[in-house]
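# Results of the structural survey
As a plain string of letters, each chain reads:
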Amino acid sequence: MLKRSPANPIITPEMVKPSRPDFQIDGTFNAGVIQFRDQVIMVLRVAESAISCDPDEVIVPTLELGTGGWSLALKHFERDDPDYDFSDPREIKFIKDPRKTFLTSMSHLRLARSANGTDFSVDETPFLAPECRSERFGCEDARITMIEGRYYINYSSVSELGISTSLAVTDDFVTVERLGVIFSPDNRDVCLFPRKIGGLYWALHRPAPLHFGSPNIWAATSPDLIHWGDHRIVAECAATGWESQKIGGGAQMLETEPGWLQVYHGVDDAQRYCLGALLLDHDDPTIVKRRLKVPLLEPTEPYEVHGFFGNVVFACGALIDGHDLHVYYGAADQVMALGTIALGDLWQAFDR
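Procedures and definitions
Residues numbered from 1 in each chain as written. Predicted model: local features only at pLDDT ≥ 70, side-chain atom pairs only at ≥ 80, totals over all residues. Heavy atoms only, no water. Helix = DSSP H or I, 4+ residues; strand = E, 2+ residues; numbered from the N terminus. Rg over C-alpha atoms; globule rule 2.2 N^0.38 Å. Buried < 20%, exposed > 50% of the residue type's maximum accessible area, 1.4 Å probe, protein only. Contact = heavy atoms within 4.5 Å. Areas by Shrake-Rupley, 256 points an atom, 1.4 Å probe, with all protein chains shown as cover. Lys, Arg positive; Asp, Glu negative; His and termini not counted. Charge placed at Lys NZ, Arg CZ, Asp CG, Glu CD. Salt bridge = Lys/Arg side-chain N within 4 Å of Asp/Glu carboxyl O. Polar contact = N/O pair within 3.5 Å; in protein donor to acceptor, adjacent residues only side chain to side chain. Pairing = 2+ DSSP bridges. Axes fitted to C-alpha atoms, helices over the stretch in contact; angles between N-to-C directions. Patch = residues over 30% accessible without salt bridge, like charges linked within 9 Å, V, L, I, M, F, W, Y side chains within 5 Å. Phe/Tyr/Trp six-rings, centres within 6.5 Å; stacked < 30°, edge-to-face > 60°. Lys NZ or Arg CZ within 6 Å of the ring centre and 35° of its normal.

What follows covers the overall build of the chain. In terms of helices and strands, the chain carries 2 helices and 26 strands. Whereas a compact globule of 352 residues would reach a radius of gyration of roughly 20 Å, the chain reaches 19 Å, a difference of no more than 12%. For the chain, the spread of C-alpha atoms along the three principal axes comes to 55 × 45 × 40 Å. With 352 residues in all, the chain has 55% of them scored as buried. Considering only intrachain contacts with a sequence separation of at least 6, the fraction spanning at least 24 residues in the chain is 51%. If you sum the accessible surface of the chain, you get close to 15,100 Å²; carbon and sulfur atoms cover 50% of it. Treating the 32 positive side-chain charges of the chain as one cloud and the 50 negative ones as another, the clouds have centres 3 Å apart.

Counting through the fold element by element, Phe94 comes out in strand β7 (residues 91–94). The spacing of Phe94 and Asp83 is 11 residues in sequence and 6.0 Å in space, taken between C-alpha atoms. What Phe94 contacts, discounting residues up to four positions off in sequence, is Asp83, Tyr84 and Lys100.

Looking at where Asp268 falls in the secondary structure, it is placed in the loop between β21 (259–267) and β22 (273–280). For the buried Asp268, which has no salt bridge, the nearest side chain bearing the opposite charge is Arg272, at an N-O separation of 4.3 Å. Of the polar contacts made by the side chain of Asp268, one reaches the backbone nitrogen of Arg272; its length is 2.9 Å. With near-sequence residues (within four places) excluded, Asp268 lies in contact with Gly241, Trp242, Ser244 and Gln245.

This part takes up the sheet that holds strand β24 (residues 313–321). On the basis of which strands lie adjacent, the open sheet formed by 4 strands has the order β1-β26-β25-β24 and antiparallel pairing. The sheet terminates laterally at β1 (3–4) and β24, the two strands that pair on one side only. Of the pairings in the sheet, the one linking β1 to strand β26 (residues 335–342) comprises 2 bridges and is antiparallel in character. Residue pairing for β26: Arg4 is matched across the bridge by Gly339. Along the sheet, helix α2 (residues 343–350) contacts β24, β25 (324–331) and β26; its crossing angle with β26, the most-contacted strand, is approximately 80 degrees.

Turning our attention to the pairing of β25. On a regular strand, one side chain projects to one face of the sheet and the next to the other, so that they alternate. A large share of β25 lies buried, amounting to 7 of its 8 residues. With 8 bridges joining them, β25 and β26 adopt antiparallel strand pairing. The partner of Leu325 across the bridge, within β26, is Ile341. Linkage of β25 to β26, two consecutive antiparallel strands, is achieved through a turn of 3 residues, within which Ala332 is found at a positive phi near 55 degrees.

Negative charge collects at one region of the surface, where Asp54, Asp56, Glu78 and Asp80 lie side by side. For Asp56, the position within the fold is in the loop between β3 (39–50) and β4 (57–66). Exposure remark for Asp56: the relative accessible area of 47% places this residue in the partly exposed category.

Attention now goes to the pattern of salt bridges. Any two side chains of opposite charge can pair, on the condition that their charged atoms come close. Here the structure, examined in full by the defined rule, presents 24 salt bridges. Among the salt bridges present, the one from Arg272 reaches Glu298, with a minimum N-O distance of 2.8 Å. Here the residue Arg272 occupies a position in the loop between β21 and β22, and Glu298 occupies one in the loop between β23 (288–291) and α1 (302–305), the gap between them amounting to 26 residues. Classification of Glu298 as partly exposed rests on a relative accessible area of 34%.

Time to look at the packing of aromatic side chains. Counting across every chain of the model gives 15 aromatic pairs. Measuring from ring centre to ring centre gives 5.0 Å for Phe193 and Trp260, while their planes differ by 75 degrees; the resulting arrangement is edge-to-face. Of this pair, Phe193 sits in the loop between β15 (187–192) and β16 (201–207) while Trp260 sits in strand β21, and the two are 67 residues apart along the sequence. Like Trp260, Phe193 is buried. A network of ring pairs unites the aromatic residues Phe77, Tyr84, Phe94, Phe102 and Phe137 as a single cluster. Against the face of Phe309 rests Arg90, its NZ or CZ located 3.6 Å from the ring centre.

This part is about the environment of Pro82. Examined against the element boundaries, Pro82 turns out to sit in the loop between β5 (69–78) and β6 (84–85). Note: C-alpha distance between Pro82 and Trp228 (146 residues apart in sequence) is 43 Å.

With 6 of 7 residues buried, β16 lies mostly within the body of the structure. In this structure, β15 lies alongside β16, joined through 4 bridges in antiparallel fashion. Residue Cys191 lies in a different strand from β16, and its bridge partner there is Leu204. Strand direction decides the pairing type here: β16 and strand β17 (residues 217–222), joined by 5 bridges, are antiparallel. Paired with His205 across the strands is Trp218, a residue of β17.

If you want it as structure tokens, here you go:
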């Protein structure tokens with residue numbers, strides 16, 4: 001349903017400077033988006049890997065604990081090492097214990113800015129870079145939500161402990177304050193609401209059950225944005241089709257007249273990622289008022305089908321501009337793209 005921008009992809013790895021001369025940019029994707037003064041600002045996920053001159057060697061960036069605290073280190077792996085599985089380009093698994101996994105790249109968060117919402121310039125240095133144990137493998141997939149005049153950035157913190165969700169806040173996108181982990185592993189795809197409901201802050205989140213069940217969308221409430229409870233299920237996977245294996249939150253919550261709008265992602269049994277949409281009740285966001293039966297967007301374009309990890313469209317940010325919804329999405333874990341739809345057309349699609 002989304003009309004793709006003719007400028008797609010709007011951000012590519014070639015547009016971004018590596019943070020170190022011995023690193024290369026693998027992906028620029030899954031960015032949170034907000035309107036800030038006269039600019040559209042992205043908090044962009046930048047995935048970097050270490051350059052190796054030997055095609056039979058993989059060098060993995062990670063944080064290691066030393067006498068001065070956590071700092072960047074490089075681990076070396078030989079591709080013919082029978083103890084490791086290199087089949088997934090995103091990770092290296094120790095075969096005897098798949099829990100001992102390393103990522104082939106390390107992600108940080110970097111700002112990108114645009115006056116028109118399409119043409120972006122990307123800062124040359126990270127805005128939030130990994131710095132502690134919970135971020136040992138990287139900082140990923142940020143969402144930005146303005147709450148009470150401040151800009152809260154929640155993001156996935158990735159380490160050998162699992163994937164947790166951390167929170168930071170900025171007033172000017174110059175300085176940023178880390179507030180720590182707000183959802184313990186494994187939990188990600190957190191989408192904050194921009195105001196209190198019933199005197200409490202609200203968020204969607206996506207725990208990943210280990211023993212039973214599928215990853216579904218839950219809601220939680222908080223008195224202070226740090227301590228979360230009252231966890232309740234909101235939406236579950238479909239029995240078949242494009243969202244049958246897992247679903248999870250996408251863009252930050254958007255308040256509209258028909259309800260809270262959530263652009264989320266769904267995954268099928270072929271690990272193909274599509275975008276869907278929900279409308280939640282204004283006063284009780286655990287109530288799903290409407291849910292699209294067909295995808296809002298599915299990967300069909302070359303930059304969505306082919307990339308670092310293909311057949312993926314994944315949104316972390318969306319904006320309402322007049323009567324239109326602008327969805328900023330990562331494609332194939334490599335580039336950023338933009339799609340739009342008139343809100344009137346979206347409301348009609350919910351009724352089909």
